[in-house]
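The lines below spell out each chain.
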Amino acid sequence: MNDSTFKIYRLRNNESFRNDKLVTFKQSELILGVSTIHIWYSLGTYYIYFSLNPTLPMQEHIRALIVIILMALIGFAIAKKLAPKGIMPAEISRWRNLWLAVVIAAFVAHNFWIYLILSGIFIFLSTTKDQNKMALFFILLFVIPPLEIQVPGFGLVNYLFALNHPRFITLIVLLPAALAISQKNNFKFTKIWADKFLLLYILLIFGLGLRDTTLTDALRLLFYSFTDIFLPYFVASRAIKDLSNMRTVLYAFVTSAVVLAFIAIFESGKQWLLYNQLGVALGTGDSIGNYLGRSGGLRAIASLGHPIILGYFMTIAIGFYLYLSSTIQNKSIKKIGAILLGLGLFVPLSRGPWVGALAMFVTYLALGPSPIKKLGTLFIVGIFSLPILAMLPGGGKVMELIPFVGQTEKGNIEYREQLFENALIVIKNNLFFGSSNYLETPEMQAMIQGEGIVDVVNTYLSVALDTGIVGLSLFVGVFLAVILGVRKKLKRIKDYRQQQHLLGRSLLAIIVSMMVTIATVSSIATVAIIYWSILGIGVAYTRIPEGEL
């Protein structure tokens, strides 16, 4: 490519480089020249150099990369101000540098396999033995969309398995952590009900796979369950052992959200999906995410692959921020963080996550001091804000977007209602263990949309259709077991102001929010990895010694 340069150096004795030449270095930096943009930053003893000449003609994804880098640098700078006590600036800088290295590799590699190799090298070089792996996982999980490629079977099978970005990050970050935990952790798996429900659910998926497909396909399903369900849950539930580790993990999630909020706000304002052409550039397929509009505005996607997933992600980040904001002393910075995450939730224009966010706030207030008074205030403010909103410039469009109030795309709601009714008929016909061929039934074929697909936009229906009420019971059982565990611990903490009480309230509110939101979306892309990770965090919370600050 004639408009960019990408190199890796290993430097010694305080050497570094600038404009592709070795000089004395002190820190990573971004250099904006008249005709060239130079970026260099450290990964341990290795340094990445990248340059772009924006005056030359360049492809859309390279222009998008420049914007993403600038938005990310601003986002990480703001996130650094939001850091709770105990998280060192050097750690945040390390996260930033690795995030930038991975995203640049993705945009300039022009081949998915080359991207995987480069990213793997960067992650390996920057990872330390004592690093918080769950925090690193949340930093890297959302760097690029869930692009996917099939690993060839080398003549033995058609293909070994599908490898996407989230699965790659899970394997390279969480698998080594899980192996280390299994060797020294005395909190054995299946010790609690949540573990048992999850294990039975995974075994059921494998068993039903044997019923309907070949052994190869069933083993592939088992592998996906291991990477997408077990590893995020297991590492989150066992690796987080104290409140300090917990804060770091939650802060890493919020940091990713702040960065993506800037990107999403830019997408909404400029009507440009920055990651749209990345899949084409990497050779994995068509463009990522469609240009979807609602009430005259573009629905932002960022790297999440779909607006509703971005909204779901932002809702959870806001839930974590309810806890983390209590550790931020600067009120102005605290407000900036809240506004950014709020805008990040708004710009996808997805109503399901908004309902989930409302459920989260209601739960959070209900578990705190003076719940009746605060819930009453929330209700009154909500009622009186509607007519005021309607009178403001542009308020009418916002009103039309509000669930159960506006009329925008009412057909989506009608589709969901019809889907629910038709799915119940199919579920009754395969009540206990579902069917792998449920999409071929007349009831589901009647739900085919203009894209030629049946979009099962409800995780509970999807689970029930595929694994029956047995699978649905085990699936919901994991959520309920974690909720009961967190609630049990929360009841023992009498002081509402204590850090562990604030954390427990936030986690319960988030889990309730997730349970509401996934009723409006199928478990595509990173949806499932997120909720299994959060459930693991809920288990970890129950194990933190009480009274720890």
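Residues numbered from 1 in each chain as written. Predicted model: local features only at pLDDT ≥ 70, side-chain atom pairs only at ≥ 80, totals over all residues. Heavy atoms only, no water.

Observations regarding the overall build of the chain
Along the backbone of the chain there are 19 helices and 10 strands. In the chain, which comprises 549 residues, the proportion classed as buried is 54%. Summarising the internal contacts of the chain: among those between residues at least 6 apart in sequence, 72% fall at separations of at least 24. On the chain, roughly 24100 Å² of surface is accessible, and the fraction owed to carbon and sulfur atoms is 62%. (Helix = DSSP H or I, 4+ residues; strand = E, 2+ residues; numbered from the N terminus. Buried < 20%, exposed > 50% of the residue type's maximum accessible area, 1.4 Å probe, protein only. Contact = heavy atoms within 4.5 Å. Areas by Shrake-Rupley, 256 points an atom, 1.4 Å probe, with all protein chains shown as cover.)

Here we look at the packing of helix H4 (residues 133–140) against helix H19 (residues 527–543)
Relative to each other, H4 and H19 sit at 155°, their axes nearing to 13 Å. Between H4 and H19, the angle falls in the class roughly antiparallel. The interaxial crossing formed by H4 with H19 has left-handed handedness. Every residue of H19 that contacts H4 at Met134, Phe137 and Phe138 is listed here: Ile529, Ser533 and Ile537. Its residues assigned to classes, the contact of H4 with H19 shows 5 nonpolar, 1 polar and no charged. (Axes fitted to C-alpha atoms, helices over the stretch in contact; angles between N-to-C directions. Parallel < 35°, antiparallel > 145°, perpendicular 65-115°, else oblique. Left-handed = near helix turned anticlockwise from the far one by under 90°. Nonpolar A, V, L, I, M, F, W, Y, C, P; charged D, E, K, R; others polar.)

Some remarks on the packing of helix H5 (residues 165–184) against helix H7 (residues 215–239)
Contact geometry of H5 with H7 gives a least axis separation of 9 Å together with a crossing angle of 50°. Accordingly, the angle class assigned to the pair H5 and H7 is oblique. Here H5 runs over H7; the crossing is left-handed. Mapping the contact onto sequence places Arg167, Thr170, Leu171, Leu174, Leu175, Ala177, Ala178 and Ile181 in H5 and Phe223, Tyr224, Phe226, Thr227, Asp228, Leu231, Pro232, Phe234, Val235, Arg238 and Ala239 in H7. In the contact of H5 with H7, the residues fall into 14 nonpolar, 2 polar and 3 charged.

Digging into the environment of Ala135
Examined against the element boundaries, Ala135 turns out to sit in helix H4. Sequence-wise, Ala135 and Met246 are 111 residues apart; in three dimensions their C-alpha atoms are separated by 8.9 Å. Not counting the four nearest positions on each side in its chain, Ala135 is found in contact with Trp95, Thr248, Val249 and Ala252.

Re helix H12 (residues 351–366)
For H12, built from 16 residues, the straight-helix expectation of 22 Å at 1.5 Å per residue is met to within 8% by its first-to-last C-alpha distance of 23 Å. The complete set of buried residues in H12 reads Arg351, Gly352, Pro353, Trp354, Gly356, Ala357, Ala359, Met360, Thr363, Tyr364 and Leu365. (Expected span 1.5 Å × (residues − 1).)

Concerning the packing of aromatic side chains
Following the criterion strictly, the structure yields 29 aromatic pairs and no others. Ring geometry for Trp95 against Tyr251: centres 5.9 Å apart, planes inclined by 35°, an arrangement best described as tilted. Here Tyr251 lies in helix H8 (residues 243–270) and Trp95 lies in helix H2 (residues 89–109), a separation of 156 residues in the sequence. Accessibility classification places Trp95 together with Tyr251 in one group, the buried group. A centroid spacing of 5.8 Å and a plane angle of 80° characterise the contact between Phe475 and Tyr531, whose relative ring orientation is edge-to-face. In this pair, Phe475 is assigned in helix H17 (residues 459–492) and Tyr531 in helix H19, connecting sequence segments 56 residues apart. (Phe/Tyr/Trp six-rings, centres within 6.5 Å; stacked < 30°, edge-to-face > 60°.)

Considering H4
Residue pairs spaced three or four apart in an α-helix point in one direction, given the helix's 3.6 residues per turn. Of all 8 residues that make up H4, 8 are buried, and the element is covered over most of its length. Looking only at H4, the buried set comprises Lys133, Met134, Ala135, Leu136, Phe137, Phe138, Ile139 and Leu140.

A short note on the pattern of salt bridges
Working definition: two side chains of opposite charge can pair if their charged atoms are close together. Counted according to the given criterion, the structure contains 5 salt bridges. Note that Arg94 and Glu91 form a salt bridge whose closest N and O atoms lie 2.2 Å from each other. Note that Arg94 and Glu91 are positioned in helix H2 at a spacing of 3 residues, about one turn of the helix. Take Arg94: its relative accessible area is 31%, and that puts it in the partly exposed class. Taking the shortest distance from any N to any O, the salt bridge between Arg220 and Asp217 comes out at 2.6 Å. Of this pair, Arg220 and Asp217 both sit in helix H7, separated by 3 residues, roughly a single helical turn. (Salt bridge = Lys/Arg side-chain N within 4 Å of Asp/Glu carboxyl O.)

Thoughts on the nonpolar core
Counting 163 residues, the largest nonpolar core has Trp99 and Ile537 as its most contacted members. Sort the elements by how many residues they give to this core and H8 lands first, with 17 residues. The contact partners of Ile537, leaving out residues within four places of it in the chain, are Phe138, Ala236, Ile240, Met246, Val249, Leu250, Phe320 and Leu507. (Core = buried A, V, L, I, M, F, W, Y, C linked by side-chain atoms within 4.5 Å.)

Considerations on a nonpolar patch on the surface
A grouping of Leu358, Phe361, Val362 and Leu378 is seen on the molecular surface, where their side chains present a nonpolar patch of about 300 Å² in accessible area. Ranked by residues supplied to the nonpolar patch, first place goes to H12 with 3 residues. Structurally, Phe361 can be placed in helix H12. For Phe361, a relative accessible area of 32% translates into the label partly exposed. (Patch = residues over 30% accessible without salt bridge, like charges linked within 9 Å, V, L, I, M, F, W, Y side chains within 5 Å.)

Considerations on unusual backbone geometry
Even without glycine at this site, Thr190 takes up a positive phi of about 75°. Within the secondary structure, Thr190 is located in the loop between H5 and helix H6 (193–212). Here Thr190 falls in the partly exposed class, since its relative accessible area comes to 32%.

Focus on the confidence of the model for the chain
Taken residue by residue, the chain gives an average pLDDT of 87. The fraction at 70 or more is 86%. The model gives residues 11–35 a pLDDT under 50, and that stretch makes 59 contacts with residues more than four places away or in other chains. (pLDDT = per-residue confidence, 0-100.)

Some thoughts on the pairing of strand S7 (residues 148–152)
Pairing geometry for S7 and strand S8 (residues 159–164), over 5 bridges, is antiparallel. Paired with Pro152 across the strands is Tyr159, a residue of S8. Two successive antiparallel strands, S7 and S8, enclose a turn made up of 6 residues, where Phe154 displays a positive phi of approximately 55°. (Pairing = 2+ DSSP bridges.)

With respect to the environment of Arg247
Mapped onto the elements, Arg247 comes out in helix H8. Residue classification places Arg247 among the buried residues on the basis of a relative accessible area of 13%. Arg247 sits 80 residues away from Thr327 along the chain, and the two C-alpha atoms are 9.9 Å apart.

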